[in-house]
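# Report on the structure
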Amino acid sequence: MKKILVANRGEIAMRVMRTAKKMGIKTVAVFSEADRNTPHVLFADEAVCIGPAPSNQSYLLGDKIIEICKELNVDGIHPGYGFLSENADFAELAEKNNIGFIGPKSHAIRIMGNKLAAKEAVKNYDIPMVPGIDKAVTDVKIAVETAKEIGFPILIKAAAGGGGKGMRVVENESEVKEQMERAISEATSSFGDGSVFIEKYITSPRHVEIQILADSHGTILHFFERECSIQRRHQKVIEEAPSSVLTPELRDKMGKAAVNVARSCDYLSAGTVEFLLDENHNFYFLEMNTRLQVEHPVTEFITGVDLVEQQIRIARGEAISFTQDDLKIKGHAIELRVYAEDSLNNFSPSIGTLNKYQIPIGKNIRVDDGFREGMEIPIYYDPMLSKLITYGENREEAIQLMIEAIDNYTIEGVETTLQFGKFVCKHEAFTSGNFDTHFVKDYYNADMLKKQQEVEAKIAASIALQLYKEEQEILKIPTLK
Ligand code: MV4
C-alpha cells in the first residue's frame, strides 16, 4: 500500500493519517463542504471535497469514495469508526474494485452486524452467553415461556440493533405482549428488520471489551480488556485499561473467548469483542464491533502497540510479527471523551466557535483531536471534540494525571464535558473501582457538579490566601546578611 484514503473526518482521520505518514504512505482526505479548513484536510497529501455538509451527502457516499480512489490511484481505504466503517456493502465494493479495505472482510461485518447471526456463528466455540433464546421471536406465548424459564427481568433486543438501540426491559409477564410489539415495530422502523430476541436482563453489569487483531495467516491475538462501564445513554464517557476487577485468570479466559469469537467469523484486522460482567464476575458475550474503536488509545498505551500500523500491515498481507506471550500489560491508561455538550444542562449539544483552544501537553498525556482554535464546531456530526488520554504506572497515577490534564485544557466558546470528566475522576465510586454501567445515572446530577466546582473555587482561594501570607512573611525579613 502506497496511498491510503481515509473515509472519515476529525480526530480519527488525523489519527490514521499520522500512522500512515510514519510508515511512508501517502494520504488522501475526503471532506464535506463544512470541513474544508479542518486539520484532517490540511494534514493530508491530497484532499477531495465529496459534497455538502450532511453526511448522507458526503461521508456516507461509498460509490463516490470508490471513484475517487480509482482516479487518484489509491490502494487502501481506512474507514475509521462510524460512517462506512461497518457497512458490509461498502467493504465488498472496495474488495470488488481491488482496493484494500483496511478492516475485516464484508462477510465478517455482515455476520457480526446481526446479533442472531453472531450467536449462531459462535455456537460451536464454547463462548459464554446470556441465558435466553437465540432465534427471532414473534409469538408472545413463546416469549412468555422463555421469560418464565430464565426468570424476569428479561431484555428484548433487536437482532439488527446494537449500541443499545431498540432494547426493552420487561419486569413481569403482564408487560411482555406490549413491550414485544413495541420492540418489533421500533426495530422495523429503525433497521428495516423486525427480528427481536430475548435475553435474561443482567441488572448491574460492567461493560468489559477485549481488543483483538487477526492477520491473514491465521494468527489471532488479544490485547487485553478495556473497561467501558462509565457511559451515559449508551455513549461512553470514560474508558480505561486494564479493568480493576479482572484477575489474570479471568483476563486469560475472556481473551481466549474473544479470540474464538473472531475465529468463528474468519475475522481479519482489528476488532473488539464486547462482554457483560455480572456481580459475580461471570462474563457473557454480547456483540463484536468490526472496526477500530474510539477508545483504542488506552490499549495502545498499555501494550505499546500502534493498532493502526498493525491494521495497515495486516491489510498488506503481512503476518503479525509478535506472539500472544510477547504482549504484556504495562501501566494503566484512561481516556476521557470530551464532548461539545453542556453537562450542567442535561448534556444538550453546545454549538459555537472555539474562541480559545489549548490542549494540555506533557509526558504520558495524549490528545487526539481534529479541531484548532478559531474553528466553528459543525452541527452535522458527532459532538465529540477530542479524546484526552493519560497514562501512569498504576491507576491512581493515571487518574491524578487526568485531573491535572483537565485543569490544563482550555476550551472557550463551547461548553464541554471536561468538568464532568473531572467529577467522575474524583468520585469515590470511580476511584475505588467499584462501579457498573449505572454510574452516571446513580451518582451524577448537575447540582452536584455545581457544588463541587464551588468547593474547588474555595479551595483555590484559600490556597492563594495561604501563599500570599507566606510571601508577606518573606518580604518582611529586613536584611539579608
Ligand atoms: C444487556 C444488558 C443487560 N442484560 N444485555 C447495551 C448496549 C448493547 N451493546 C447491549 N447492552 C446491554 N445489554 C443483557 N442481557 C445491559 C446492556 C446495557 C449496557 C451495556 C454495556 C454498556 C452500557 C449499557 C447500558 C445500558 C444497558
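What you are looking at is a predicted structure, and each value in this text was computed from that prediction instead of being measured.

## Focus on the site of the ligand
In the neighbourhood of the ligand, 18 residues make up the surrounding shell, with Lys157, Glu199, Lys200, Ile202 and Glu287 lying closest. Separating a nitrogen atom of the ligand from a side-chain N or O atom of Glu199 is a distance of 2.8 Å. For the ligand, a nitrogen atom lies 3.2 Å from a polar atom in the side chain of Glu274. Here the ligand loses 91% of its free accessible area of 520 Å² to cover by the protein chains. Where the shell around the ligand is concerned, the elements lending two or more residues are β6 (154-158), β8 (196-200), β12 (269-277) and β13 (283-289).

## A few points about helix α3 (residues 62-71)
Looking at α3, one finds that the buried residues are Gly62, Ile65, Ile66, Ile68 and Cys69. Seen end-on, α3 carries its buried residues on one side only, within an arc spanning 155°. In α3, those exposed residues whose orientation departs by more than 90 degrees from the buried face are Asp63 and Glu71.

## Re the packing of aromatic side chains
Tallying each qualifying case throughout the model produces 16 aromatic pairs. Ring plane angle 80° and centroid distance 6.1 Å describe the contact between Phe90 and Phe101, whose orientation is recorded as edge-to-face. Of this pair, Phe90 sits in helix α4 (residues 88-96) while Phe101 sits in strand β5 (residues 100-101); the two residues are 11 residues apart in sequence, bridging distant segments of the chain. Phe101 matches Phe90 in its accessibility class, with the two residues each being buried. Ring centres of Phe347 and Phe420 lie 5.0 Å apart, and the angle between their planes is 85°; this geometry places the pair in the edge-to-face category. Taken together, the positions of Phe347 in the loop between β15 (341-342) and β16 (348-349) and Phe420 in helix α13 (residues 418-426) put the pair 73 residues apart, joining distant regions of the chain. What makes Phe347 buried here is its relative accessible area of 10%.

## Observations regarding the side chain of Gln211
Tracing the backbone shows Gln211 in strand β9 (residues 206-214). Setting aside residues no more than four positions away along its own chain, Gln211 makes contact with Leu221, His222, Phe223, Phe224, Arg226, Ala270, Gly271, Thr272, Thr299 and Leu307.

## Quick notes on the nonpolar core
Counting residues in hydrophobic clusters, the biggest one holds 40 residues, and the most contacted among them are Ile230, Ile238, Leu388, Ile411 and Phe430. The element that contributes the greatest number of residues to this core is helix α12 (residues 395-407), accounting for 7 residues. Ala13, Tyr81, Val305 and Tyr339 belong to the second-largest nonpolar core, a separate cluster that totals 31 residues.

## What about unusual backbone geometry?
Residue Pro153 is reached from Phe152 by a cis peptide bond, and omega for that bond is -5°. Within the secondary structure, Pro153 is located in the loop between α7 (140-150) and β6. With omega at -5°, the peptide bond leading from Ala241 into Pro242 counts as cis. Counting through the fold element by element, Pro242 comes out in the loop between β11 (235-241) and α9 (248-264). You will see that Asn346, though not glycine, has its phi angle at about 55°, which is positive. Residue placement: Asn346 occurs in the loop between β15 and β16.

## Some details on the environment of Cys69
Mapped onto the elements, Cys69 comes out in helix α3. Expressed as a C-alpha distance, the spacing of Cys69 and Leu5, which sit 64 residues apart in the sequence, is 7.1 Å. Discounting chain neighbours no more than four positions away, the residues touching Cys69 are Leu5, Val74, Ile77 and Ile99.

Criteria and cut-off values
- Residues numbered from 1 in each chain as written.
- Predicted model: local features only at pLDDT ≥ 70, side-chain atom pairs only at ≥ 80, totals over all residues.
- Heavy atoms only, no water.
- Near = heavy atom within 4 Å.
- Polar contact = N/O pair within 3.5 Å; in protein donor to acceptor, adjacent residues only side chain to side chain.
- Areas by Shrake-Rupley, 256 points an atom, 1.4 Å probe, with all protein chains shown as cover.
- Helix = DSSP H or I, 4+ residues; strand = E, 2+ residues; numbered from the N terminus.
- Buried < 20%, exposed > 50% of the residue type's maximum accessible area, 1.4 Å probe, protein only.
- Arc of directions from axis to C-beta.
- Phe/Tyr/Trp six-rings, centres within 6.5 Å; stacked < 30°, edge-to-face > 60°.
- Contact = heavy atoms within 4.5 Å.
- Core = buried A, V, L, I, M, F, W, Y, C linked by side-chain atoms within 4.5 Å.

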